[in-house]
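Listed below, chain by chain, are the residues.
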Amino acid sequence: MLLAIDDTDSRKGMCTTFLITELLREFDELDLMDHPRLVRLNPNVPWKTRGNGAVVIRLGNGVEKKDLVGFDGKEIFSYTGEYVDTEDALERALKVVERWSETSEEGTNPGLIISNEKPPYEMYQEAVKDVVKLEDTISALEKMDCRYTGLGNKRGLIGALAAMAWIPSDHTYELITYREQHRWGTKRKLNGIVRFDKETEHSFDSYDHEEKQQAVAPRSPCPVLYGVRGERPKELLGALNIIEGESIDRWLLFKTNQATDEHIQESKVGEVKPWTSVHIKGTVTSLPKTIPGGHVFFDLDEELTAAAYEPTKRFREIVKKLIPGDKLELYGGIREEPLTLNIEKMKVVELSEKKVKVANPQCPDCKKRMSSIGKNAGFRCRKCGTRAEEFDIETKLVERELEEGYYEVPVCARRHLSKPLKRVLLV
Ligand code: ATP
């Protein structure tokens, strides 16, 4: 039996991953098969609360190997084995969803699906890369051997079905710990994040050393204490001993599509679609310009504006060093109005030559320096009247302050789905 939920939380509280721990309590007579899955979907959908994540568990009768994947008063193991179907599962799960969802908040529209079959993988691909219509999700659900309920405008069904359809070919893990309920909404006490980051070779996005900012604890009043991300479950479990400060009420280790770049689609500068994320190649055609607020913009192939917004902090200093003629590959989300690419990652493929003016052109006959006729109007020799163009000026090459290669936004500005260079360069 596959069980998926989405859209149960609001900015004021709750977290869909926490609700899964409550559902595991409810279905205590069944075993958890494989890891619970936290699946991130299109980060550009306007109605997401935070990271556009949906959660899936598989329940059944475990028979073979077991792995420790959580703790909630007792150890939670995941198994391989047979799946089972329970008749009243939807009713039981719905009670838990209604008990914990932030349904009183506008914008919280929970979706709950219990299924004996996996939806087609395309349902995931579309939802991670594009915007899906609720009618399409409902018609897919109607064709499946499943039961489902949507609350509010039922939009949560989109994420729940898409998450169920995910096949974890490339994947990472996130260990999420939860606070004792009496502390929800209070300031989190956490020590040891820097140590965890330094001591775990295969973890990523825990601490921004330059901004001196942690990236594991949410800022909202939700039940999460912290979440650490990485390639290796065992290493992540080390956080339970390294990160200290508050007692942990429960924890769960999720398999996720985070840090995989699965939201990115190949595109061309003139063909990008709003609300999607793309990988494009192009040439810089304007000098980067900083506007009030600290956002930096430049043009690519004279067709598309690319942006490094203020939250990308020091990444903007790299972008400011670009000049027309630089050949780039950019990864990022497309904003609709005005059509702009929000850079997540950049590969400087080829730097163009940077030249500075040394002198006005020399008259070929008189060997004297010519004089400017006016702004962008060219030059004339005062003695013999010979004319020269703007591009005839004498220049010298200056060294570029930028190197070819990959650059990425800092940890504090990273999207959950963005593949960190630490992973890109491994492949
Ligand atoms: P959190 O990460 O804290 O769980 P969230 O950012 O996941 O919150 P949700 O509250 O789940 O935000 O809201 C996202 C909503 O967008 C859900 O209703 C989900 O079904 C829907 N959704 C997700 N992906 C798509 C998509 N590609 N097209 C249309 N709707 C989508």
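All residue numbers here refer to positions counted from 1 along the written sequence of the relevant chain. Note on the predicted model: pLDDT of at least 70 is required for a residue's local features to be given, and 80 or more for side-chain atom pairs to be given and counted; whole-chain, interface and lining totals, by contrast, use all residues. Hydrogens and water molecules were not included; the side-chain quantities draw on all heavy atoms of the structure.

Caption draft 1: Up close: the site of the ligand. In the vicinity of the ligand, 23 residues are found, and the nearest of them are Asp-7, Asp-9, Thr-49, Arg-50 and Asn-52. Interatomic distance of 2.5 Å between a side-chain N/O atom of Asp-7 and an oxygen atom of the ligand. Gly-156 places a polar main-chain atom, nitrogen or oxygen, 3.4 Å from an oxygen atom of the ligand. Its free accessible area being 640 Å², the ligand has 98% of it covered by the protein chains. Broken down by element, the residue count for the shell around the ligand peaks at 3 residues, all from helix α5 (residues 156–164). In the scheme used here, Gly and all other residues not listed as nonpolar or charged are polar, with Ala, Val, Leu, Ile, Met, Phe, Trp, Tyr, Cys and Pro taken as nonpolar and Asp, Glu, Lys and Arg as charged. In the shell around the ligand, the residues fall into 7 nonpolar, 8 polar and 8 charged. Definition of nearness: a residue and a molecule or strand are near each other if at least one heavy atom of the residue lies within 4 Å of the molecule or strand. By the criterion applied in these results, polar contacts are pairs of N or O atoms within 3.5 Å in which, for protein atoms, one can donate a hydrogen and the other can accept it, and in which residues neighboring in sequence qualify only through two side-chain atoms. Using a 1.4 Å probe, accessible areas were evaluated by the Shrake-Rupley method; residue-level cover was limited to the displayed protein chains. Under the scheme used here, helices are H or I runs from DSSP no shorter than 4 residues and strands are E runs no shorter than 2 residues, and both carry numbers assigned from the N terminus.

Caption draft 2: Representation of the domain arrangement of the protein in the model. When its domains are assigned, the protein resolves into domain 1 (2–165), domain 2 (172–256), domain 3 (264–351 + 400–424) and domain 4 (354–398). Inter-centroid distance (C-alpha atoms) of domain 1 to domain 2 is 22 Å. Two residues qualify as a contact provided that any one of their heavy atoms is within 4.5 Å of a heavy atom in the partner residue. On the domain 2 side, the residues contacting the 27 residues of domain 1 number 18 residues. The junction of domain 1 with domain 2 conceals about 1900 Å² of combined surface from both sides, 64% of it contributed by carbon and sulfur atoms. When two parts are put together, the accessible area they lose, computed with a 1.4 Å probe and summed over both, is reported as buried area. In terms of surface lost to domain 2, no three residues of domain 1 exceed Phe-18, His-35 and Leu-38, which account for 27% of the buried area on that side. Domains are outlined according to an automatic or database domain assignment.

Caption draft 3: Examining the side chain of Asp-261 more closely. One can find Asp-261 in the loop between β12 (248–256) and β13 (264–266). The classification of residues rests on relative accessible area computed with a 1.4 Å probe and restricted to protein chains. Under 20% of the type maximum is buried, over 50% is exposed, and intermediate values are partly exposed. Its relative accessible area of 14% is what places Asp-261 among the buried residues. Within polar-contact distance, the side chain of Asp-261 engages the backbone nitrogen of Lys-419 at 2.9 Å. Look past the residues within four positions of Asp-261 in its chain and what remains in contact with it is Tyr-331, Lys-345, Leu-417, Ser-418 and Lys-419.

Caption draft 4: Structural context of the nonpolar core. Only buried residues count toward a nonpolar core, which is a set of Ala, Val, Leu, Ile, Met, Phe, Trp, Tyr and Cys residues joined through side-chain atoms within 4.5 Å. One finds Leu-3, Leu-23, Phe-27 and Val-228 to be the most contacted residues of the largest nonpolar core, which totals 51 residues. Among the elements that take part in this core, helix α2 (residues 89–100) stands out by supplying 7 residues, more than any other. For this core, the domains that each give at least three residues are domain 1 (2–165) and domain 2 (172–256). With sequence-adjacent residues up to four places away left out, Val-228 is seen in contact with Tyr-173, Glu-174, Leu-175, Phe-196, Ser-206, Val-216, Leu-236, Ala-239 and Ile-243. The next biggest cluster of nonpolar side chains, apart from the first, holds 26 residues, and it includes Ala-4, Ala-140, Met-144 and Ala-163.

Caption draft 5: The arrangement of the environment of Thr-49 in detail. Inspection of the secondary structure puts Thr-49 in the loop between β2 (31–40) and β3 (53–71). Accessibility expressed as a relative area gives 15% for Thr-49, which makes it buried. Sequence separation between Thr-49 and Leu-175 is 126 residues, and the spatial gap between their C-alpha atoms is 20 Å. In this structure Thr-49 touches Asp-9, Ser-10 and Arg-11, once residues within four positions along its chain are discounted.

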